[in-house]
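Residue-level structural notes
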Amino acid sequence: MKFARKRVTAFAAVAVAAALALTGCADTSGSTGGGDAGGSDGGSSDNLSITFLPKNLGNPYFDTSSTGGKAAVEELGGTFAEVGPAEATPDAQVSYINTATQQGVGALVVSANDPKAICDALNEARDAGVKVVTFDSDTNPECRDLFINQADAAGIAKVQVDLIAEQLGGAGEIAVLSASANATNQNAWIDLMKEYLASDFPDITLVETVYGDDDDQTSFDKTAALLQTHPELKGIVSPTTVGIAAAARYLSTSDYKGTVAITGLGTPNQMREYVEDGTVTAFALWNPEDLGYLSAFAAAALISGDITGAEGDTFDAGDLGEFEVGADGTVLLGEPFVFDAENIGEFDF
Ligand code: RAM
């Protein structure tokens, strides 16, 4: 697989993420204060204080995206911070947005738990001169300057359906174990999965979608409940790195191991043991470190006034090269990648 940034950075990413997890702290290296904030109407500024706000803290996926973001901000000579709530609930990010606005950060880089719930806070931030970049999970477009999309939503839906269809032999009952009920990214992918299932896999029935809230224990318990409620269940698709790891852990020590398939979106480091013990055949993802790195470069380009977020704007993203803003203020990182027993040993994130 050709992830655009050097793999060695992914190794470093894991070490930092592990250290953050151990201390239980957000990385606030570099203060987020001050600076002459420019306007969101295309004004320019040299206030390269960039704050990342993931859906929640304690998720290795976001630890890795923040590692990429931090590397980019440091490369640009700015100050990086990461803040966020413990739980991925719709409005839990509002207070963090308000604080960052009061601090006068140059940009906020946000993965939204809800497309609407944080909009007022984000627009107040923008009115105060903060550039707003969403990444991973978007808000409604009118609440941000840019959305950095990890991969085309239809492609993310397709790869997961293709994987479960292959693992099931094209027929049987499946369920979806998602993140939180309002998550923009998972809901978009699930809608597209349903369309693709209906058009291409008439013998696969999606019997239920449940929500583990991107919480490990909730996801684990929801997996157990699904298997109890649906005795004919043949597979689970979990389009969240938290959900798929919790479901695989449940299956790995249960009688369902090897008979109920689990696939979806996972990080190689969290899924490795379940691939090695035969619980999991294959799953997909992109490189979250690249996603964070690209998002930080996009934020910096907005802050400096190099771009406004208009379609056709181009900006430099360091090791990743040049990117162009597409329709609806969206920048696309790349394509999802499938991990399996053959290649998982090559990845460390
Ligand atoms: C979880 C989060 C994130 C999603 C990944 C695949 O880490 O829900 O938003 O993109 O899974």
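Note that the coordinates shown come from a computational prediction; the quantities given were computed from them, not determined experimentally. (Residues numbered from 1 in each chain as written. Predicted model: local features only at pLDDT ≥ 70, side-chain atom pairs only at ≥ 80, totals over all residues. Heavy atoms only, no water.)

Turning our attention to the nonpolar core. A general tendency of soluble globular proteins is for nonpolar side chains to be buried together. Within the largest apolar cluster, 81 residues are counted, with the highest numbers of intra-cluster contacts made by I50, L146, I148, L294 and F315. With 11 residues, helix α10 (residues 288–303) is the largest single contributor of residues to this core. Residues contacting I50, with those up to four places away along its chain left out, are V73, T79, F80, A81, A107, V109, A296, A299, A300 and I303. (Core = buried A, V, L, I, M, F, W, Y, C linked by side-chain atoms within 4.5 Å. Buried < 20%, exposed > 50% of the residue type's maximum accessible area, 1.4 Å probe, protein only. Helix = DSSP H or I, 4+ residues; strand = E, 2+ residues; numbered from the N terminus. Contact = heavy atoms within 4.5 Å.)

Across the chain, the average pLDDT comes to 91, with 88% of residues at 70 or higher. Contacts from residues 6–40, a stretch scored under 50 in pLDDT, to residues over four places away or in other chains number 62 contacts. (pLDDT = per-residue confidence, 0-100.)

Bringing the pattern of salt bridges into the picture now. In the structure shown here, the tally under the stated rule is 6 salt bridges. Among the salt bridges present, the one from R126 reaches D145, with a minimum N-O distance of 2.9 Å. Separated by 19 residues along the polypeptide, R126 in helix α4 (residues 119–127) and D145 in the loop between β4 (131–135) and β5 (146–151) bring together distant segments of the chain. Judged on exposure class, the residue R126 and its partner D145 are both buried. Here K158 makes a salt bridge to D162, at a shortest N to O gap of 2.7 Å. Pair noted here: K158 and D162 are both in helix α5 (residues 153–168), with a separation of 4 residues, about one helical turn. In this structure K158 comes out as partly exposed when scored by relative accessible area, which is 41%. (Salt bridge = Lys/Arg side-chain N within 4 Å of Asp/Glu carboxyl O.)

A few words now on the sheet that holds strand β2 (residues 79–82). Across the sheet, 6 strands lie side by side as β2-β1-β3-β4-β5-β13; this open sheet has parallel pairing. Only two strands of the sheet have a single neighbouring strand rather than two, namely β2 and β13 (330–334). Put simply, the sheet's adjacent strands are angled 20° from each other on average, direction ignored. In the sheet, β4 pairs with β5 via 3 bridges, with the strands oriented parallel. Within the sheet, the bridge partner assigned to F135 lies in β5 and is I148. (Pairing = 2+ DSSP bridges. Axes fitted to C-alpha atoms, helices over the stretch in contact; angles between N-to-C directions.)

Before going further, it helps to examine the site of the ligand. The immediate surroundings of the ligand are formed by 16 residues, with K55, D136, Q186, D214 and T241 found nearest. The contact in question runs from an oxygen atom of the ligand to an N or O atom on the side chain of D136, over 2.5 Å. Starting from 290 Å² of accessible surface for the ligand in isolation, the protein chains cover 100%. Elements supplying a minimum of two residues to the shell around the ligand: α2 (60–75) and α6 (184–200). (Near = heavy atom within 4 Å. Polar contact = N/O pair within 3.5 Å; in protein donor to acceptor, adjacent residues only side chain to side chain. Areas by Shrake-Rupley, 256 points an atom, 1.4 Å probe, with all protein chains shown as cover.)

Below, the discussion takes up the sheet that holds strand β8 (residues 233–238). Pairing is parallel in the open sheet, where 4 strands are placed in the order β7-β6-β8-β9. Looking at strand neighbours, the two that pair on one side only are β7 (204–211) and β9 (261–264), the edges of this open sheet. Strand-to-strand twist across the sheet, computed as the mean angle between neighbouring axes with direction ignored, equals 25°. Looking at chain direction, β8 and β9 are connected through 4 bridges and run parallel. From the neighbouring strand, I236 faces β9, where its bridge partner is I262. Contacts from helix α7 (residues 216–229) reach β6 (172–178), β7 and β8 within the one sheet, and its direction differs from that of β7 by about 145°. The strands touched by helix α8 (residues 241–252) are β6, β8 and β9; relative to β9, the strand with the most contacts, the crossing angle is about 165°.

Throughout this description, disulfide means a covalent bond between two cysteine sulfur atoms. Counting across every chain of the model gives 1 disulfide. With a sulfur-sulfur separation of 1.9 Å, C119 is cross-linked through a disulfide to C143. On the sign convention where negative means left-handed, the S-S torsion of about 75° between C119 and C143 marks this disulfide as right-handed. Remark: C143 occurs in the loop between β4 and β5 and C119 occurs in helix α4; sequence separation between them is 24 residues. (Disulfide = S-S within 2.5 Å.)

Applying the stated criterion across every chain, the model contains 16 aromatic pairs. Ring geometry for F337 against F339: centres 5.0 Å apart, planes inclined by 75°, an arrangement best described as edge-to-face. Looking at F339, the relative accessible area reads 0%, which means it is buried. Cluster of aromatic residues (ring-pair linked, three or more members): F52, Y61, F62, F80, F135, W189 and W286. (Phe/Tyr/Trp six-rings, centres within 6.5 Å; stacked < 30°, edge-to-face > 60°.)

Here we come to unusual backbone geometry. Phi at D136 takes a positive value of approximately 70°, unusual for a residue other than glycine. Here D136 shows up in the loop between β4 and β5. The phi torsion at D214 lies on the positive side, around 50°, for a residue other than glycine. Inspection of the secondary structure assignment puts D214 in the loop between β7 and α7.

What follows covers helix α9 (residues 268–276). Taken as a whole, α9 has its buried residues at P268, M271, R272, Y274 and V275. On the buried face of α9, the contacting elements are α8, β10 (282–285) and β14 (337–340). Positive backbone phi, at 85°, marks G278, one or two positions downstream of α9.

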